[in-house]
Amino acid sequence: MQLIKAKDYHDLCHKAAELILRKVKGQKKLTLGLATGGTPQGVYRILVEEARQNGTTYQHVTTFNLDEYVGLPPDHPQSYHTYMNKKLFDFIDIPPQNVHIPDGMAENLEEECRRYEQMIDQSGGIDLQLLGIGINGHIGFNEPGTSFHSFTHVVKLEESTRIANSRFFSSLEEVPAFAVTMGIASIMKSKEILLLAVGKRKAEVLQRLIYGEVTEELPASVLKMHQHVTIIADEEALSSLS
Ligand code: F6R
């Protein structure tokens, strides 16, 4: 794992966007794995602004999002479909058919999970997967205890995750209890992984990730077994390391 230290959130977003843009501009065909949540928002803002200024094209880019809530229609304000459209897709020229987000409204969710995993494989696999990290070490919505052999599946969200995400809803009750998420094995199939960690809230989990053992109790620890992982963290997130 390569660790890149960023001064603050602004610096972290620029460093992450730079790495992504190098791929977008340098590869004829690119498959990106994308995350939602608070952390990547500033990265998406930079990508949007850069495309507006330089006319950077995303015609050759395919995307797969990590996860989606079960039971929220795509046009729900808090769905990850809406998040991605509002933060990125509405402002770049990516062909709509190249965009993939799990369908949390599918009648048969098991079938949807199989279909999603197959589509990732059919696209040739993810070249660069962007990840945030939960305070309990989750990646995607893979909560502690998730098998390292899991592919896209339905999960029951932990209370701590629902509480953390309730800041985007008007009340905790509105936060869905279930989600569809790429599994740990799906994430590990990516050729390259970029994990972002920001703020004091992430300091303890980052310390456990860097110094602790590889265990299913800390899902992100699996990344130590991947050969091409970059972590970009700001000073606050790194504050428990020294
Ligand atoms: C988002 C996702 C989650 C978040 C994590 C951190 O698609 O899969 O694993 O990356 O919960 O969220 P933030 O960035 O809001 O701290």
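Below is a short write-up of the structure. (Residues numbered from 1 in each chain as written. Predicted model: local features only at pLDDT ≥ 70, side-chain atom pairs only at ≥ 80, totals over all residues. Heavy atoms only, no water.)

### Things to note about the environment of arginine 167
We count it as follows: By the criteria applied, helices consist of DSSP H or I runs no shorter than four residues and strands consist of E runs no shorter than two, each listed in order from the N terminus. By definition in these notes, contact holds between two residues if any of their heavy atoms fall within 4.5 Å.
Mapped onto the secondary structure, arginine 167 falls in the loop between helix H5 (159-165) and strand S8 (178-181). Note: C-alpha distance between arginine 167 and isoleucine 120 (47 residues apart in sequence) is 31 Å. Filtering out sequence-adjacent residues up to four positions away, arginine 167 remains in contact with Gly38 and Arg201.

### Here we look at the sheet that holds strand S4 (residues 67-69)
We apply this condition: Pairing between strands requires that DSSP locate at least two bridges from one strand to the other. All axes here are fitted lines through C-alpha atoms, helices being fitted over the stretch that makes contact, and every angle between N-to-C directions spans 0 to 180 degrees.
Taken in spatial order, the 3 strands make up an open sheet running S4-S8-S7, and their pairing is antiparallel. Both edges of this open sheet fall to S4 and strand S7 (153-156), since each of them pairs with a single strand only. Strand after strand, the sheet turns through a mean of 25° between neighbouring axes, direction not considered. Both S7 and S8 contribute to a ladder of 4 bridges, which runs antiparallel. Within S8, the residue paired with valine 154 across the bridge is valine 180. Its contacts with the sheet place helix H4 (residues 109-122) against S7 and S8, and it is angled at close to 125° to S7.

### With respect to the packing of helix H1 (residues 9-26) against helix H2 (residues 41-54)
Note the cut-off: Throughout, the term roughly parallel applies to angles under 35 degrees, roughly antiparallel to angles over 145, roughly perpendicular to angles from 65 to 115, and oblique to all others. Two helices crossing with the near one rotated counterclockwise from the far one by less than a right angle form a left-handed crossing, whereas a clockwise rotation gives a right-handed crossing. Put simply, Ala, Val, Leu, Ile, Met, Phe, Trp, Tyr, Cys and Pro go in the nonpolar bin, Asp, Glu, Lys and Arg in the charged bin, and everything else, Gly too, in the polar bin.
Following both chains from N to C, one finds H1 and H2 inclined at 55°, their axes separated by 8 Å at the closest point. As far as their axial angle goes, H2 and H1 are oblique. Helix-helix and strand crossings are classified by hand; for H1 and H2 the assignment is right-handed. Contacts between H1 and H2 involve Tyr9, Cys13, His14, Ala16, Ala17, Ile20, Leu21 and Lys25 on the former and, on the latter, Gln41, Gly42, Val43, Arg45, Ile46, Leu47, Glu50 and Asn54. The residue makeup of the contact of H1 with H2, split by class, is 9 nonpolar, 4 polar and 3 charged.

### Section: empty space enclosed by the protein
Rolled over the atoms, a probe with the dimensions of a water molecule shows which regions are left empty. Cut-off, in case you're wondering: Two kinds of site are reported from a 1 Å grid over the protein atoms alone, namely cavities, where a 1.4 Å probe fits but cannot get out, and pockets, open sets with protein on both sides within 12 Å along at least five of seven lines, and residues are called lining when an atom falls within 4 Å of a point. Grid points are joined across faces, edges and corners, and a volume is the space filled by probe spheres set on the points.
Throughout the structure, instances matching the rule amount to 1 cavity of 30 Å³ or more. Put simply, the largest cavity is a space of about 60 Å³. In terms of lining, the largest cavity is formed by Ile20, Leu32, Leu34, Tyr44, Leu47, Tyr58, Val61, Thr63, Leu88, Phe89, Ile92 and Ile94. Elements represented by at least two residues in the lining of the largest cavity include exactly strand S2 (30-34), H2 and strand S3 (61-65). Looking at side-chain class alone, the lining of the largest cavity contains 11 nonpolar, 1 polar and no charged residues.

### Examining the site of the ligand
Here is the rule: Put simply, a residue is near a molecule or strand once any heavy atom of it comes within 4 Å of that molecule or strand. In these tables, accessible area is a Shrake-Rupley quantity obtained with a 1.4 Å probe, and a residue counts as shielded only by the protein chains included in the view. A cavity or pocket is said to hold a molecule if more than half of that molecule's atoms lie within 2 Å of its grid points.
Around the ligand, a shell composed of 15 residues is seen, among which Thr39, Asp67, His138, Gly140 and Lys202 lie nearest. Protein chains bury 95% of the 410 Å² of accessible surface belonging to the ligand in isolation. Judged by the proximity of its atoms to the pocket grid, the ligand belongs to the largest pocket.

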